[in-house]
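Here's the letter readout for the chains.
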Amino acid sequence: MPEKMTDKPLILILGDQLSPHLSSLAAAPDAPVLMAELPDEASYVRHHQQKITLIFSAMRHFANALDAQGRKVTYIHYGSEARLNSFADAVKMMIERENITRLIVTEPAEWRLMHDMQNWSDRLGIAVEILPDSRFLADHDMFEKWADGKKQLRMEFFYREMRRKTGLLMNGDEPLGGQWNYDADNRKKLPKGHVPPPRLHFAPDAVTQNVMHIVAQHFGNHVGTLDKFAWPVTAAQAEEQFDHWLDFCLPQFGDYQDAMKTDEAFLYHGLVGAAINIGLLDPLKVCQAVEARYHSGQAPLNAVEGFIRQILGWREFIRGLYWLKMPDYGYSNYFDHHRALPDFYYSGDTDMACMRAAIGATRDYAYAHHIQRLMVTGNFALLAGIAPEAVNRWYLEVYADAFEWVQLPNTHGMALFADGGIVGSKPYSASGAYINRMSDHCGDCAYKVKEPHGDTACPFNYLYWDFMIRHRDKLGGNPRMGMVYRNLDKMPDEKRSGVVASAAKFLEKLK
Ligand code: DLZ
């Protein structure tokens, strides 16, 4: 009789799985845990220095917490084991050292890793159990069933399903307040001289400071600076920051969700994306806490619904779509755009005040809010015809909350319309007038937002019309673009040739 092999399970926890209720931890309450800081993960794109710092520090804190609860944790610090580059290397080492027979892991959030992991059982010669990530509120099956047979996938209808499924903001079968979506009440400009409330930030503790040394040593030439690092690195800090936001920002979040202001990177935004994406905050709990503020009369419906729509609707929709469309999703290039990403996306060295503000916040905090990402840096990349691949890489590198499952559909689909209309029904393109309406940037800008073309005109103005002219074959038949093309048809010839000439001159010099 062959000798029966003892079962020696190991749980692998990834850097964006820092949640105590993770499916892998629940599946094997006594099993040891492996966590590893790895060159392959830290360098598959040139992540912002604060993003690496946040993830390594949060990983270290999480490992300490597991250890304090009595779990046996093997933690590989960056560079401590020279031959370990990838998760597979780290697991292999544990198989050789500890005779591991079974690996338990919650499904990775990114396709590249899932694809790799699906071969591990054969490659490493042990059982590999990949469990669902129950932190998402819609599982793959639910999304696939919802998407099945639909000609178009639109967030709004999926969001309504999710409201019904969770009961959030529902009054029986009806949406609370009688409307599903209060987006139209989320578009106020900040009054002149308005000062947003101070935000709760966290000075780097000893663990974070140690990580900062490593990041400065190994990744010091990556985008960004570390001196303004203030991200929450534990669940307790993330909750404290969120509670502070509930008290001081949520009531006005709805009104000013789309507003921009020079030197005010955070305004009324929740800053919870990074914490939720790496597991420090639970998305359902966050939504429930926000809903409770409505029921207690502490926050209006436009704020509460606007926030819950982002988490329950948009975030889940984007994740479902990513898994439905991968691995080919990022390869499309609907407008056939091939221009290189200008250097100022890294340096911030541009005379366009709105771009300078968005890129400056990105560099200083690994953060910019959704309208800066969509309507400033994303809009510019779309209008200027930057190659989607380069823009996608930039967004994945520079934001602390950026993981491919969330970044790719948001950039490739929503901001660039490079998927030809899978995520959105029309491109989110806008001229300088939109930026002027929603911000205070244009007043101090070197360019004039009221001028349609010419050397001193706002580049967004002529690039916008040039884009519409260049892509009439692809956009002219889109019913949602009808008004734009009717306006273009009414444009005097002199203005039309002016915008085309200014765009050509500007793009020629763009580097
Ligand atoms: C983003 C990231 C970085 C920079 N480094 C690590 C790491 O060293 N170890 C780790 O476990 N996770 C890291 N991550 C997060 C992973 O890339 C992420 O878990 C996968 O991409 C799956 O979403």
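Refer to the structure above for everything that follows.
Residues numbered from 1 in each chain as written. Predicted model: local features only at pLDDT ≥ 70, side-chain atom pairs only at ≥ 80, totals over all residues. Heavy atoms only, no water.

Turning our attention to the overall build of the protein chain. Looking only at helices and strands, the protein chain features 24 helices and seven strands. For 511 residues, the compact-globule formula gives about 24 Å, and the C-alpha radius of gyration of the protein chain, at 24 Å, lands near that figure. Projecting the C-alpha coordinates of the protein chain onto the three principal axes gives extents of approximately 90 × 50 × 50 Å. In the protein chain, buried positions account for 58% of the 511 residues. Within the protein chain, counting contacts between residues at least 6 apart in sequence, those at least 24 apart form 75% of the total. Split by element, the accessible area of the protein chain, about 22,100 Å² in all, is 50% carbon and sulfur. Between the centroid of the 55 positive side chains of the protein chain and the centroid of its 63 negative side chains there is a distance of 5 Å. (Helix = DSSP H or I, 4+ residues; strand = E, 2+ residues; numbered from the N terminus. Rg over C-alpha atoms; globule rule 2.2 N^0.38 Å. Buried < 20%, exposed > 50% of the residue type's maximum accessible area, 1.4 Å probe, protein only. Contact = heavy atoms within 4.5 Å. Areas by Shrake-Rupley, 256 points an atom, 1.4 Å probe, with all protein chains shown as cover. Lys, Arg positive; Asp, Glu negative; His and termini not counted. Charge placed at Lys NZ, Arg CZ, Asp CG, Glu CD.)

Across the sheet, which stays open at both edges, the five strands sit in the order β3-β2-β1-β4-β5 with parallel pairing between neighbours. Every other strand in the sheet has two partners, leaving β3 (73-76) and β5 (127-131) as the edge strands with one partner each. Averaged over all neighbouring strand pairs, the angle between strand axes comes to 20 degrees, with direction disregarded. Pairing of strand β4 (residues 102-106) with β5 involves five bridges; the strand directions are parallel. (Pairing = 2+ DSSP bridges. Axes fitted to C-alpha atoms, helices over the stretch in contact; angles between N-to-C directions.)

Another point: the nonpolar core. By size, the foremost hydrophobic cluster in this structure holds 165 residues, and its most contacted members are I13, F307, F317, M355 and F380. The leading source of residues in this core is helix α14 (residues 301-325), at 13 residues. Filtering out sequence-adjacent residues up to four positions away, F317 remains in contact with F143, W146, L153, R154, M155, F158 and V423. If you look at the next biggest cluster of nonpolar residues, it comprises 23 residues, including L12, L84, M94 and L113. (Core = buried A, V, L, I, M, F, W, Y, C linked by side-chain atoms within 4.5 Å.)

Our next topic: the site of the ligand. Around the ligand, a shell composed of 19 residues is seen, among which D16, A36, L38, E41 and E110 lie nearest. L38 places a main-chain nitrogen or oxygen 2.8 Å from an oxygen atom of the ligand. Between the ligand and E41, the relevant distance is 2.5 Å, taken from an oxygen atom to a side-chain nitrogen or oxygen of the residue. When the ligand sits alone it has 490 Å² of accessible area, and the protein chains cover 100% of it. Where the shell around the ligand is concerned, the elements lending two or more residues are α2 (39-43), α3 (49-68) and α5 (111-117). (Near = heavy atom within 4 Å. Polar contact = N/O pair within 3.5 Å; in protein donor to acceptor, adjacent residues only side chain to side chain.)

With that settled, consider unusual backbone geometry. Most peptide bonds are trans, and most residues other than glycine sit at a negative phi. The omega angle of the peptide bond from M326 to P327 is 10 degrees, so this bond is cis rather than trans. Inspection of the secondary structure puts P327 in the loop between α14 and α15 (344-347). In this structure, N99 is a non-glycine residue whose phi angle is positive, near 55 degrees. For N99, the location among the structural elements is in the loop between α4 (87-98) and β4. Judged by its relative accessible area of 54%, N99 falls in the exposed class. Backbone geometry at D263 places phi at a positive 65 degrees, although glycine is not the residue there. Mapped onto the elements, D263 comes out in the loop between α11 (250-253) and α12 (273-278). A relative accessible area of 75% means that D263 is categorised as exposed.

Every regular strand shows the same layout, with side chains that alternate between the two sheet faces. The buried count for β4 comes to four of five residues, which makes it a mostly enclosed element. In terms of strand pairing, strand β1 (residues 9-12) meets β4 through four bridges, oriented parallel. In the sheet register, L10 faces β4, and the bridge partner there is L103.

What follows deals with the pattern of salt bridges. For the structure on display, the rule yields 26 salt bridges. Linking E98 and K72 is a salt bridge whose minimum nitrogen-to-oxygen distance equals 3.9 Å. With a gap of 26 residues between them, E98 in helix α4 and K72 in the loop between α3 and β3 connect regions that are remote in the sequence. Residue R373 is joined to D401 by a salt bridge in which the shortest nitrogen-to-oxygen separation is 2.9 Å. One end of the pair, R373, is in helix α17 (residues 370-384); the other, D401, is in the loop between α18 (388-398) and α19 (404-415), with 28 residues separating them in the sequence. D401 carries the same exposure label as R373, and that label is buried. One salt-bridge network, in which partners are shared between bridges, spans D7, R102 and E129. (Salt bridge = Lys/Arg side-chain N within 4 Å of Asp/Glu carboxyl O.)

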